[in-house]
Amino acid sequence: MSEVLHVKGRVLVGPDDVRDELWVIGGRISHDRPAGARDVRTVEGWALPGLVDAHCHVGLDQHGAVPEDVAEKQALTDRDAGALLLRDAGSPSDTRWIDDRQDLPKVIRAGRHIARTRRYIRNYAWEIEPDELVAYVAREARRGDGWVKLVGDWIDRGLGDLAACWPREAAEAAIAEAHRLGARVTAHCFSEDSLQDLVEAGIDCVEHATGLTEELIPLFAARGVAIVPTLVNIATFPRLADGGEARFPRWAAHMRRLHERRYDTVRNAYDAGVPVYVGTDAGGSLPHGLVAAEVAELVTAGIPPVEALSAAAWAARDWLGRPGLDEGAAADLVVYEQDPRADVRVLAAPLRVVLNGRVVG
């Protein structure tokens, strides 16, 4: 028998399912002690499923696609922070080579961003017009891992403010095509005016969602549309507003308002039953490895600590269709010195990181 890993102390299989131990045999989880185990390595502490960053960008920086060695460093940084499952919410890089690396996090890709012409960050997205949207969504649905990423709104230079990118009819047809191909659709949305059409068109998730209002939140809740608030990114809005105020004062004032109400927006959505998940938006202008900081931001917004933790662990994995600490699942877990349910700040200091059954950090 190959090396067996014995994880003992407190194993958080679920927020209320706490066990004394688990075993890792051949890289897989077992909740039963193996017979005849001889070469046993023991890890002690509070064990969680590998954390989820449900919005990051591996292979991307503020200028566009990056070389493989830079993408590798990004993935390793997430891994060492305990984020072992990444939903890559848009990247121009081909990162399929990561799937062959047992020492790097598992990645769920949304293909490349799809944006309106000259309405997004240069070198990031396919930039197209509405009559091309269905075809490009179909392409990225086939290229990704069950997700497609739209840019739902961005600054319109003619208006000098955020504005929706897609007519309702085009979005509806594109989302229907993605669903036909078995993919879910998410969209970058800062503003208010892009949200209703996208939700009524059948979208599955909204990134950032700073434009959620009291009138829109019930619609999200009724349709089961999830949000990934990326609060560590929203914290940059005042700096962005300062940089753009001279040219676009209306946009700058709007960005500051969205920032000022960010915590209320997230808490009100959570209170209404809107699913909320952890994502950092790392890989554009933000560094990787911020998953603990984002969980702490959800708590600051007023989400109970256990629920904020679940948004990066049990609930997030279930939403993305990936196992946690289940019998026979790949042994992807993080061990902490103290109970992260009591204080989510514990997440910033993992004792051990176990990926595919190997202690890698």
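Quick look at the structure, then. Quick caveat: nothing in here was measured; it's all calculated off a predicted structure. (Residues numbered from 1 in each chain as written. Predicted model: local features only at pLDDT ≥ 70, side-chain atom pairs only at ≥ 80, totals over all residues. Heavy atoms only, no water.)

**Describing the pattern of salt bridges**
Move 1: Per the counting criterion, the structure on display carries 24 salt bridges.
Move 2: The structure contains a network of salt bridges with shared partners spanning Arg96, Asp99, Arg109 and Asp145. (Salt bridge = Lys/Arg side-chain N within 4 Å of Asp/Glu carboxyl O.)

**So, the sheet that holds strand S8 (residues 83-88)**
Move 1: Pairing is parallel in the open sheet, where three strands are placed in the order S5-S8-S9. Unpaired on one side and paired on the other, strand S5 (51-56) and strand S9 (106-109) mark the two borders of the sheet. Adjacent strand axes in the sheet meet at a mean angle of 20 degrees when their direction is disregarded.
Move 2: One ladder, built from four bridges, connects S8 with S9; its direction is parallel. Counterpart to Arg87 in the pairing with S9 is Ile108. (Pairing = 2+ DSSP bridges. Helix = DSSP H or I, 4+ residues; strand = E, 2+ residues; numbered from the N terminus. Axes fitted to C-alpha atoms, helices over the stretch in contact; angles between N-to-C directions.)

**A closer look at helix H3 (residues 168-180)**
Move 1: Given a rise of 1.5 Å per residue, 13 residues ought to cover 18 Å, and the 18 Å separating the end C-alpha atoms of H3 matches this to within 8%.
Move 2: Buried within H3 we find Ala170, Ala171, Ala174, Ile175, Glu177 and Ala178. All buried residues of H3 fall inside an arc of 160 degrees around its axis, so they share one side. Set apart from the buried face of H3 by more than 90 degrees, the exposed residues are Glu169 and Arg180.
Move 3: Residue Gly182 follows H3 closely and has a positive phi angle near 85 degrees. (Expected span 1.5 Å × (residues − 1). Buried < 20%, exposed > 50% of the residue type's maximum accessible area, 1.4 Å probe, protein only. Arc of directions from axis to C-beta.)

**Quick look at the pairing of strand S15 (residues 184-189)**
Move 1: Of all six residues in S15, five are buried; the element is thus mostly enclosed.
Move 2: The pairing of strand S12 (residues 147-151) with S15 spans five bridges and is parallel. When the sheet's bridge partners are listed, Val151 is paired in S15 with His188.
Move 3: Considered for its hand, the β-α-β crossover made up of S15, helix H4 (residues 195-200) and strand S16 (residues 205-208) is right-handed. (Right-handed = clockwise from strand over helix to strand, strands pointing away.)

**Structural notes on the side chain of Asp78**
Move 1: Relative to the elements of secondary structure, Asp78 occurs in helix H1 (residues 68-80).
Move 2: Buried and unpaired, Asp78 has no salt bridge, with Arg79 as the nearest side chain of opposite charge at 10 Å.
Move 3: Those residues in contact with Asp78, other than ones at most four positions away along the chain, are Cys56, Ala83, Leu86, His288 and Gly289. (Lys, Arg positive; Asp, Glu negative; His and termini not counted. Contact = heavy atoms within 4.5 Å.)

**Some words on unusual backbone geometry**
Move 1: The phi angle at Thr230 is positive, at roughly 50 degrees, despite the residue not being glycine.
Move 2: Along the chain, Thr230 falls in the loop between strand S17 (226-228) and helix H6 (231-234).
Move 3: Here the phi dihedral of Asp281 falls at roughly 65 degrees; this positive angle occurs in a residue that is not glycine.
Move 4: Relative to the elements of secondary structure, Asp281 occurs in the loop between helix H9 (262-271) and helix H10 (291-301).

**A few points about a positive patch on the surface**
Move 1: Residues Arg118, Arg122, Arg157 and Arg247 make up a contiguous surface patch of positive charge.
Move 2: Note on placement: Arg247 falls in the loop between helix H7 (237-244) and helix H8 (249-260). (Patch = residues over 30% accessible without salt bridge, like charges linked within 9 Å, V, L, I, M, F, W, Y side chains within 5 Å. Areas by Shrake-Rupley, 256 points an atom, 1.4 Å probe, with all protein chains shown as cover. Charge placed at Lys NZ, Arg CZ, Asp CG, Glu CD.)

**So, the packing of helix H2 (residues 133-143) against H3**
Move 1: Viewed as axis vectors pointing N to C, H2 and H3 meet at an angle of 25 degrees, and their least axial separation amounts to 9 Å. Looking at the two axes, H2 sits roughly parallel to H3. Like other packed secondary-structure pairs, H2 and H3 cross with a definite hand, here right-handed. Between H2 and H3, the residues in contact are Leu133, Val134, Val137, Ala138 and Arg142 and Ala170, Ala171, Ala173, Ala174, Glu177, Ala178 and Arg180, respectively.
Move 2: Looking at side-chain class alone, the contact of H2 with H3 contains nine nonpolar, no polar and three charged residues. (Parallel < 35°, antiparallel > 145°, perpendicular 65-115°, else oblique. Left-handed = near helix turned anticlockwise from the far one by under 90°. Nonpolar A, V, L, I, M, F, W, Y, C, P; charged D, E, K, R; others polar.)

**What to know about the packing of H7 against H8**
Move 1: The interhelical angle for the contact between H7 and H8, taken along N-to-C directions, is 170 degrees, at an axis separation of 8 Å. Viewed along their axes, H7 and H8 adopt a mutual orientation that is roughly antiparallel. When H7 is examined against H8, the residues Phe237, Pro238, Leu240, Ala241, Asp242 and Gly244 are found in contact with a partner set consisting of Pro249, Trp251, Ala252, Met255, Arg256, Leu258 and His259.
Move 2: Of the residues belonging to the contact of H7 with H8, the class tally is nine nonpolar, two polar and two charged.

**Side note on the sheet that holds strand S19 (residues 352-355)**
Move 1: Reading across from one edge, S3-S2-S1-S4-S18-S19-S20 is the order of the seven strands in this open sheet, with mixed pairing throughout. Looking at strand neighbours, the two that pair on one side only are strand S3 (28-30) and strand S20 (358-359), the edges of this open sheet.
Move 2: Bridge analysis of S19 against S20 gives two bridges, and the strand direction is antiparallel. When the bridges of S20 are listed, Leu355 appears paired with Arg358.

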